[in-house]
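Close look at the chain arrangement
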Amino acid sequence: MKRQKLTPYLFLIPGCIILGAFIFYPMLQAIWLSLTEFNMIEDATFIGLENYENLLQDDLFWQTLMNTFIYLIGVVPALVIIPIFLAVLVNQNIKGISFFRSAFFIPVVTSLVVAGIAWDWVYKEHGLLNYALEVVGIITEPIGWLTSTSTALFAVMVVTVWKGLGYYMIIYLAGLQSIPSDLYEAAKIDGANWWQQVTRITIPMLMPFVLVVSIMSSISAMKVFEEIYVMTGGGPLHSSETLVFYIYTEAFSNLNMGYASAAGVILFIFTLILSIINLKVMGKKGNIR
Amino acid sequence: MALSSVKNDEKTITRKLWSVSKKLLIYLLLIFITLFMLGPFIWLLSTALKSGGENIFQYPPKLIPDQVTFTNFVKVMETFPFWRYLFNSTIVTVLTVIFNVLFCSLAAYPLARMYFKGKNIIFILILSTMMIPFQLLMIPIYIMSLNLGLGNTYAGMVLPHITTAFGVFLMRQAFTVIPKELDESARIDGANSFQIWFRILMPLVKPSMVTLAIFTFISAWGDFLWPLIIVSDQDMYTLPLGLNMLSGTFTSDWRLIAAGAIISMIPVVLFFLFLQRYFISGVMKGAVKG
């Protein structure tokens with residue numbers, strides 16, 4: 001009888017040990033570190049909120065925060081809206097459609113380093129993009145997309161969007177396919193035209209998925225790092241540096257572990273806010289199975 | 001009579017014409033988007049296939065090489081320990097996937113099908129870990145891993161990712177929908193909880209296991225930030241790390257960087273094409289359930 005009572009806990013042990021050791025304990029440790037000065041060599045010394053005060057006075061921190069918000073504002077709408085059109089496009093019963101679905105999904109499975117190298121090459125002064133824009137007549141002089149302070153961040157944003165499109169497209173595809181087809185049939189019988197079907201059935205039924213995608217894409221945009229690291233290294237002049245990149249360089253290049261942890265706590269607060277919005281919205285729209 | 005049939009013919013012809021041109025338009029659109037999605041890779045491939053005599057910086061850019069050559073691939077394979085990195089990536093990914101699926105399903109079983117004290121609290125605590133960004137945890141985990149001697153080890157790369165709240169949640173949902181009578185009849189036949197979990201429930205949740213495996217695979221294979229932090233020994237580099245170093249060392253020779261990038265893309269693309277049905281249905285399922 002006693003063993004019976006222990007059984008559920010035995011099943012939970014491996015997972016809980018991992019989550020405890022690699023999430024809960026580090027979480028507390030991170031909060032503690034954010035209140036200390038620690039460079040990995042000497043012992044950590046408690047300094048209270050000094051790291052936070054310094055952060056608020058650090059122009060670079062504000063700039064990376066600003067860049068992160070620009071990222072959010074630019075990337076999220078693109079990743080919420082464009083994949084809907086892609087999903088509608090590939091949700092048809094025509095020949096070869098699975099080829100196109102796969103083609104759109106390939107950027108999702110390739111590593112960001114490969115993607116970064118490929119786009120780096122597209123963005124070069126003698127690259128494909130400049131040539132294409134010149135042919136169309138949009139620009140007359142080649143632009144150094146990744147080397148100019150005014151374009152670097154946007155150039156990297158395009159890569160994030162390009163890489164995410166296929167993933168969110170599939171999520172919307174799931175949404176489209178979960179709409180019962182008799183809804184459309186009933187609408188047709190009632191004389192609804194194509195546009196009425198889109199606005200009265202497709203869009204409302206897809207709303208829960210729109211919310212999922214907007215939350216998923218905004219949380220991942222908060223944490224963007226690899227693209228920046230591989231393509232611009234945060235430059236030129238920190239113009240493409242984001243919050244996570246800043247945390248990374250402060251912690252692992254400058255060994256300001258305490259200071260970087262404080263920036264990490266701020267990142268946590270922002271993602272927490274996004275997650276709470278997420279839960280609220282998901283809770284309200286209980287129609288996500 | 002004749003007149004109306006002509007009219008009808010005209011109608012069907014215009015309708016057919018309309019549906020054909022609509023189809024044509026859809027295909028054109030699909031091809032255009034495919035070019036946008038695969039274009040960067042195609043251009044990378046063209047660069048990798050260009051010989052040393054060809055100016056890769058010529059303007060306007062040239063897509064088809066004058067003379068296709070594989071020397072860049074040969075050269076990069078000599079300097080770039082591709083097989084070593086592939087091996088490391090494979091080990092890390094396979095271990096992460098296996099342990100993640102195992103630990104998440106173990107934890108999900110009592111949460112879905114047993115009554116015990118603290119069940120809700122444990123479940124909420126597990127779910128709450130979803131909100132904590134890894135970027136906050138990476139500093140303490142790095143310090144802890146070094147103290148435990150996990151720097152430059154597979155264990156160090158794998159351990160932090162082998163239980164995820166998403167996985168526990170996904171598996172719990174899968175276990176919840178299986179009728180409880182199955183457990184009871186198995187118990188009457190003398191099976192213990194572990195046997196019920198392994199022999200009866202696990203085979204029934206295969207689709208969810210595949211979904212979780214694919215999600216874990218995508219994130220483990222493409223992971224860059226954590227290996228970058230925990231690995232300093234080049235022998236332990238995964239493909240993304242190796243490739244990133246390659247593009248640092250050969251900044252002068254883009255042909256080699258391009259060849260290296262193409263080579264390191266091959267395994268995951270092959271894997272994806274092989275299992276694409278599962279990949280796509282996996283993401284769809286994850287979206288609906290998660």
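The structure contained in this document is the topic of the report that follows. (Residues numbered from 1 in each chain as written. Chains lettered and ligands numbered in written order. Predicted model: local features only at pLDDT ≥ 70, side-chain atom pairs only at ≥ 80, totals over all residues. Heavy atoms only, no water.)

Section: the overall build of chain B
A tally of helices and strands in chain B yields 13 helices and zero strands. Shown N-terminal to C-terminal, the secondary structure of chain B runs as helices and strands in the order α-α-α-α-α-α-α-α-α-α-α-α-α. Rg of the C-alpha trace for chain B: 27 Å, well past the compact-globule value of 19 Å for 290 residues, more than 25% over. Based on the C-alpha atoms only, the size of chain B along its principal axes is roughly 80 × 70 × 35 Å. The long-range fraction of contacts in chain B, counting pairs at least 24 apart against all pairs at least 6 apart in sequence, stands at 75%. Just so you have it, chain B exposes about 14,300 Å², and 69% of that area is on carbon and sulfur atoms. The distance from the centre of the 22 positive side-chain charges to the centre of the 13 negative ones in chain B is 11 Å. (Helix = DSSP H or I, 4+ residues; strand = E, 2+ residues; numbered from the N terminus. Rg over C-alpha atoms; globule rule 2.2 N^0.38 Å. Contact = heavy atoms within 4.5 Å. Areas by Shrake-Rupley, 256 points an atom, 1.4 Å probe, with all protein chains shown as cover. Lys, Arg positive; Asp, Glu negative; His and termini not counted. Charge placed at Lys NZ, Arg CZ, Asp CG, Glu CD.)

Re a negative patch on the surface
On the surface, a cluster of negative charge is contributed by A:Glu37, A:Glu42, A:Asp43, A:Glu50 and A:Glu53. Along the chain, A:Asp43 falls in the loop between strand S1 (36–37) and strand S2 (45–46). (Patch = residues over 30% accessible without salt bridge, like charges linked within 9 Å, V, L, I, M, F, W, Y side chains within 5 Å. Salt bridge = Lys/Arg side-chain N within 4 Å of Asp/Glu carboxyl O.)

Comments concerning the packing of helix H3 (residues 59–90) of chain A against helix H4 (residues 97–109) of chain A
All names here are of chain A. Remark: H3 packs on H4, axes separated minimally by 10 Å, with the N-to-C direction vectors making an angle of 155°. Taken together, the axes of H3 and H4 are roughly antiparallel relative to one another. When H3 is examined against H4, the residues Leu86, Leu89 and Val90 are found in contact with a partner set consisting of Ile97, Arg101 and Phe104. Its residues assigned to classes, the contact of H3 with H4 shows five nonpolar, no polar and one charged. (Axes fitted to C-alpha atoms, helices over the stretch in contact; angles between N-to-C directions. Parallel < 35°, antiparallel > 145°, perpendicular 65-115°, else oblique. Nonpolar A, V, L, I, M, F, W, Y, C, P; charged D, E, K, R; others polar.)

Let's talk about the interface of chain B and chain A
When the parts of a complex come together, some accessible area is lost, and that lost area is often used as the size of the interface. Between chain B and chain A, the contact holds 86 residues from the first and 94 residues from the second. For the pairing of chain B and chain A, the buried interface totals around 8,400 Å² over both sides, and the portion due to carbon and sulfur atoms is 83%. A per-residue breakdown of the area chain B buries against chain A is headed by B:Met37, B:Tyr59 and B:Met131, which together make up 9% of the total. Taken together, chain B and chain A are joined by zero salt bridges. (Buried area = accessible area lost by both parts, 1.4 Å probe.)

Brief notes about H4(A)
Residue and element names in this part refer to chain A. The first and last C-alpha atoms of H4 sit 19 Å apart over 13 residues, in line with the 18 Å expected at 1.5 Å per residue. The largest bend in H4 comes to about 25°, at Ala103, with the proline Pro107 one to four residues further on. With respect to burial, H4 is a largely interior element, eleven of its 13 residues being buried. All of the buried residues in H4 are Ile97, Phe100, Arg101, Ser102, Ala103, Phe104, Phe105, Ile106, Pro107, Val108 and Val109. (Expected span 1.5 Å × (residues − 1). Bend = angle between axes of the 7 residues up to and from the residue. Buried < 20%, exposed > 50% of the residue type's maximum accessible area, 1.4 Å probe, protein only.)

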